[in-house]
Amino acid sequence: MITRIKNKIHALVFWQTRIGELFNKMYDLRLFYKYSFDKNHLKNQGRIEHYLTKQYHIIEKGLALPKPRPEFGKDVISNLVIKSTEYYHEYGKSKLIESISACLNEYLIFNKKNNIETNNKYYTNIKKFVTMVKPNKLGGTKIITKQDINKAIDFDFEVFLRTRTSIRDFSDKNVDINQLKEVINLAKLAPSVCNRQGWKAHVYNNSLLIKELLTLQNGNRGFTDSVNKLIIITGNTKAFTKLESNQIYIDGGIFSMNVLLSLHSAGLGAVALNTCLPYTIEKKVKKTGNIKDFEKLIMMIAVGEIKDNFKVAVSNRKHIDSIYKAHQ
Ligand SMILES: Cc1cc2nc3c(=O)[nH]c(=O)nc-3n(C[C@H](O)[C@H](O)[C@H](O)COP(=O)(O)O)c2cc1C
């Protein structure tokens, strides 16, 4: 009886009225305030790493400009050296800290080349850090050529894009889970705000668990049983800071698109599945899928091997003139 009343209230709030939207927003904001980082309150390792990534990427970007200004970013760099040193003493060596060192080293060389006097406290602190943490080759800038790019784009991208389509009828062959790891490894090349990469791909292999998760999603009726693997893309609230509560969906969406394209390039069939859910169901998905509280669901992606022949929805696109507007 009590469960029935609860279900009725739930349905009323989330499906029959728009009050649920407010509760969903409150849930999102609660997650964001609880987990996002603030440069004045950096308590947790994950949050500090995202903060450091944001800060050192400012230097990396600066060095990649056509004509960087000598000594640019002094405040950011002074702070980066302090925070990176604290991080190093607390957590030790990591790829991140070595990349920061590589970036700072390039900054030093750049300024020396520009005849900047480096015998002062500012540069001594940078030098001290670069000596303490050996730079790797994964920070700073790199040279690429137009020829490299031209070679890479010498294939029919239009055909590639036109043949990606949502597939809702998979073959019963098993998808190799290792192949999905490669797909995600490729998809991680997606761009993200300050290169923070605040996303995760949860990949599910167990058919019972996949079914349990899919019963919580409302767009897979009719093909649930043919889904061989399920990916749940989440955004990491710890990767974002003030005025970035929407960025989690933008970066998560871009990453998801890369996953869809990588699946296509691997010859696998896929369909994105919305996670437009009441927050109560989102919490159930997280619990069932062993997803952390600080993660925000972006979308699910159902995956399967492709049949020899199958039907797909046409999903016609709007005319170019309705979405393209040239401005003078
Ligand atoms: C975020 C997102 C959520 C989607 N959710 C569903 C869904 O729940 N069920 C479904 O069958 N298709 C879903 N789709 C697939 C769309 O219907 C499909 O992408 C669109 O019609 C364009 O067709 P195409 O992917 O074949 O080009 C979703 C797509 C996106 C991007």
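The structure this text deals with has already been given above.
Residues numbered from 1 in each chain as written. Predicted model: local features only at pLDDT ≥ 70, side-chain atom pairs only at ≥ 80, totals over all residues. Heavy atoms only, no water.

Points about the packing of helix α4 (residues 74-91) against helix α6 (residues 121-132)
Contact geometry for α4 and α6: axes closest at 10 Å, N-to-C directions at 35 degrees. As for how α4 packs across α6, the hand of that crossing is left-handed. Residues K74, I77, S78, V81, S84, T85, Y88 and H89 of α4 lie in contact with α6, whose contacting residues are Y122, N125, I126, F129 and M132. Considering only residue class, the contact of α4 with α6 consists of seven nonpolar, five polar and one charged. (Axes fitted to C-alpha atoms, helices over the stretch in contact; angles between N-to-C directions. Helix = DSSP H or I, 4+ residues; strand = E, 2+ residues; numbered from the N terminus. Left-handed = near helix turned anticlockwise from the far one by under 90°. Contact = heavy atoms within 4.5 Å. Nonpolar A, V, L, I, M, F, W, Y, C, P; charged D, E, K, R; others polar.)

Looking at the site of the ligand
Near the ligand there are 13 residues, and of these S166, R168, G219, N274 and R317 occur at the shortest range. Here S315 contributes a side-chain N or O atom positioned 3.1 Å from an oxygen atom of the ligand. R317 places a side-chain nitrogen or oxygen 2.8 Å from an oxygen atom of the ligand. A total of 620 Å² of accessible area belongs to the ligand in isolation, and the protein chains cover 66% of it. Of the residues forming the shell around the ligand, the biggest block, three residues, is contributed by strand β3 (residues 268-273). For the shell around the ligand, a count of residues per class yields four nonpolar, six polar and three charged. (Near = heavy atom within 4 Å. Polar contact = N/O pair within 3.5 Å; in protein donor to acceptor, adjacent residues only side chain to side chain. Areas by Shrake-Rupley, 256 points an atom, 1.4 Å probe, with all protein chains shown as cover.)

Concerning α4
The end-to-end C-alpha distance of α4 is 25 Å, a good match for the 26 Å that 18 residues give at a rise of 1.5 Å each. For α4, the complete set of buried residues consists of I77, L80, V81, K83, S84, Y87 and Y88. Packed against the buried residues of α4 are α3 (45-63), α5 (95-113) and α6. Two residues or fewer past α4, G92 is found with a positive phi of approximately 80 degrees. (Expected span 1.5 Å × (residues − 1). Buried < 20%, exposed > 50% of the residue type's maximum accessible area, 1.4 Å probe, protein only.)

Thoughts on the environment of G252
For G252, the location among the structural elements is in helix α11 (residues 247-265). G252 sits 53 residues away from W199 along the chain, and the two C-alpha atoms are 6.0 Å apart. Those residues within four positions of G252 in sequence are excluded, and the remaining contacts are I233, Q247 and I298.

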